[in-house]
Amino acid sequence: MSLEFRQVYPDATILAIETSCDETAAAVVKNGRQVLSNVISSQINVHKKYGGVVPEIASRKHIEMIDEVVEQALVDAQMEMGQIDAVAVTYGPGLVGALLVGLSFAKAFAFAANKPLIGVHHIEGHIAANYIENEAFAPPFICLVVSGGHTHLVHVSDYHVFEVIGKTRDDAAGEAYDKVARTIGLPYPGGPEIEKLAKLGQPNIKFPRVLLEEDSFDFSFSGLKSAVLNYVNKCNMTGEAYERADVAASFQQAAVDVLVAKAIKLCKQRGLKKIALAGGVSANSFLREEMQKACQLENFELNIPKPIFCTDNAAMIGAAAYFEWMQGKTAPLDLNAYPGLKLGYRI
Ligand code: KG4
Ligand code: ZN
């Protein structure tokens, strides 16, 4: 299929749309790796005052922005509607109302332009961000996916073959960052705030590293989150002063220690030598550095997307779509949104 595909589409150009959470995003991507445009309209400032994403507001904001964002992606790529070869869109997991906005727009665009539609799993998109601007990077590898809603250890044995070996049993890594940030009075989204503040502190508070059973690759961050909350509450009750930067640095060290240890262990167990990071938390410089150090010690290759391709964007959806399409997988125009879509399953 793939040879034949490349003959028919030597320059497969995909318009990709992503609206699963609080970014309205569109991109044009050529051959899965070359980003011709990448437009992201963030709603963060709207949700900030509520301390998290309000689903109803997210859907409305997507409706307001989607037209403009897609138009800008085409203009930036210097392409007309008819020059696009296919339209890709995230159809799950995510907020159902938010997903439906991107999905409806993509279906209408594909129908009007008479182009194939490709449905993309949001997490497969995050994983595919590793192929962007990186001709040499290819499966097999172990991918640590750390986002606001997911924490997965995935064995990616081929572009379209995903085996989830471990996942969080409670909070996702990004969720833990966001909740700890709120505990110490930092605004939403907490990840980048914790990262900044931690640079000014020392990891001198002993928070738990939850490794679970010896043979498990699952994660659990709720104990760590509660430990931080208990520490802060205790200090507040006893009137003891605490350094917020030390809390941030100690939390971050505990979370990253576990993420790095499990990814390295799985890579060894599977006899692989390649690790990739994906998802919003992989924009975190401390995680990037600690994973780099651990990979150097083991002589593993490490790939991490540029920070702009770690957090939600549509270029990653265009990258994943290319490899889906190459497998002959296109979607019908009655494709629905699936808020709980599992990685590796096909609708
Ligand atoms: O992948 P993403 O943009 O959206 C989801 O699919 O969930 O991830 C968002 C999550 C948020 O929890 C946010 O706090 C976290 O990624 N995040 C970070 C950083 N940038 C975003 N966490 C730690 N350090 C960062 N620099
Ligand atoms: Zn995401």
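These remarks concern the structure in this document. Nothing here was measured: the structure is a model prediction, and the numbers come from that model.

What counts and how
- Residues numbered from 1 in each chain as written.
- Chains lettered and ligands numbered in written order.
- Predicted model: local features only at pLDDT ≥ 70, side-chain atom pairs only at ≥ 80, totals over all residues.
- Heavy atoms only, no water.
- Helix = DSSP H or I, 4+ residues; strand = E, 2+ residues; numbered from the N terminus.
- Expected span 1.5 Å × (residues − 1).
- Buried < 20%, exposed > 50% of the residue type's maximum accessible area, 1.4 Å probe, protein only.
- Phe/Tyr/Trp six-rings, centres within 6.5 Å; stacked < 30°, edge-to-face > 60°.
- Lys NZ or Arg CZ within 6 Å of the ring centre and 35° of its normal.
- Core = buried A, V, L, I, M, F, W, Y, C linked by side-chain atoms within 4.5 Å.
- Donors = N, O, S within 2.8 Å, 3.2 Å for Na, K, Ca; no water.
- Disulfide = S-S within 2.5 Å.

A look at helix 12 (residues 315–326)
- Along its 12 residues, helix 12 runs 17 Å from first to last C-alpha, staying within 8% of the 16 Å computed at 1.5 Å per residue.
- With 12 of 12 residues buried, helix 12 is to be regarded as a mostly interior element.
- Buried residues of helix 12: Ala315, Met316, Ile317, Gly318, Ala319, Ala320, Ala321, Tyr322, Phe323, Glu324, Trp325 and Met326, and no others.

Some details on the packing of aromatic side chains
- This structure, assessed with the given rule, holds 16 aromatic pairs.
- Ring centres 5.3 Å apart and planes at 40 degrees place the aromatic pair Phe5 and Tyr9 in the tilted group.
- Here Tyr9 falls in the partly exposed class, since its relative accessible area comes to 23%.
- Between Phe207 and Tyr231 the ring centres are 5.9 Å apart and the planes differ by 90 degrees, which places this aromatic pair in the edge-to-face class. A residue pair is termed long-range when its members are at least 10 positions apart, and Phe207 in the loop between helix 7 (190–198) and helix 8 (222–238) and Tyr231 in helix 8 qualify at 24 residues.
- Judged by relative accessible area, which is 4%, Phe207 ranks as buried.
- Taken together, the aromatic side chains of Phe5, Tyr9, Tyr131, Phe137, Phe141, Tyr159, Tyr322, Phe323 and Trp325 make up a single cluster linked through ring pairs.
- Geometry around Phe217 places Lys265 over its ring, the cationic atom sitting 5.8 Å from the centre.
- Looking at Lys274, its charged tip hangs above the ring of Phe137, at a distance of 5.3 Å from the centre.

Some remarks on the nonpolar core
- Within the largest apolar cluster, 50 residues are counted, with the highest numbers of intra-cluster contacts made by Ile194 and Phe251.
- For this core, the elements supplying multiple residues, two or more each, are strand 6 (141–146), helix 6 (173–183), helix 7, helix 8, helix 9 (244–269), strand 9 (274–278) and helix 10 (285–298).
- No other element matches the 15 residues that helix 9 contributes to this core.
- By size, the runner-up hydrophobic cluster in this structure holds 39 residues, among which are Val120, Tyr131, Ala315 and Phe323.

Here we look at the coordination of the zinc ion (ligand 2)
- Bound to the zinc ion (ligand 2) on the protein side are His122 (NE2), His126 (NE2) and Asp312 (OD), at distances that span 2.0 to 2.1 Å.
- If you list the donors of the zinc ion (ligand 2) from N- to C-terminus, the spacing comes out as H-x3-H-x185-D. Of this pair, His122 and His126 both sit in helix 5 (residues 122–128), separated by four residues, roughly a single helical turn. No difference in accessibility class separates His122 from His126, as the two residues are buried.

Some details on the state of the cysteines
- A complete count under the given rule lists zero disulfides for this structure.
- No disulfide involves Cys21; its nearest neighbouring cysteine sulfur is the one of Cys310, lying 16 Å away.

So, unusual backbone geometry
- For the bond running from Pro139 to Pro140, omega is 5 degrees, close enough to zero to count as cis.
- If you trace the backbone, Pro140 turns up in the loop between helix 5 and strand 6.
- A positive phi angle is found at Asn114, which is not glycine, with a value near 55 degrees.
- Looking at Asn114, the relative accessible area reads 67%, which means it is exposed.
- Of note, Asn299 is a non-glycine position whose phi angle comes to about 65 degrees, a positive value.

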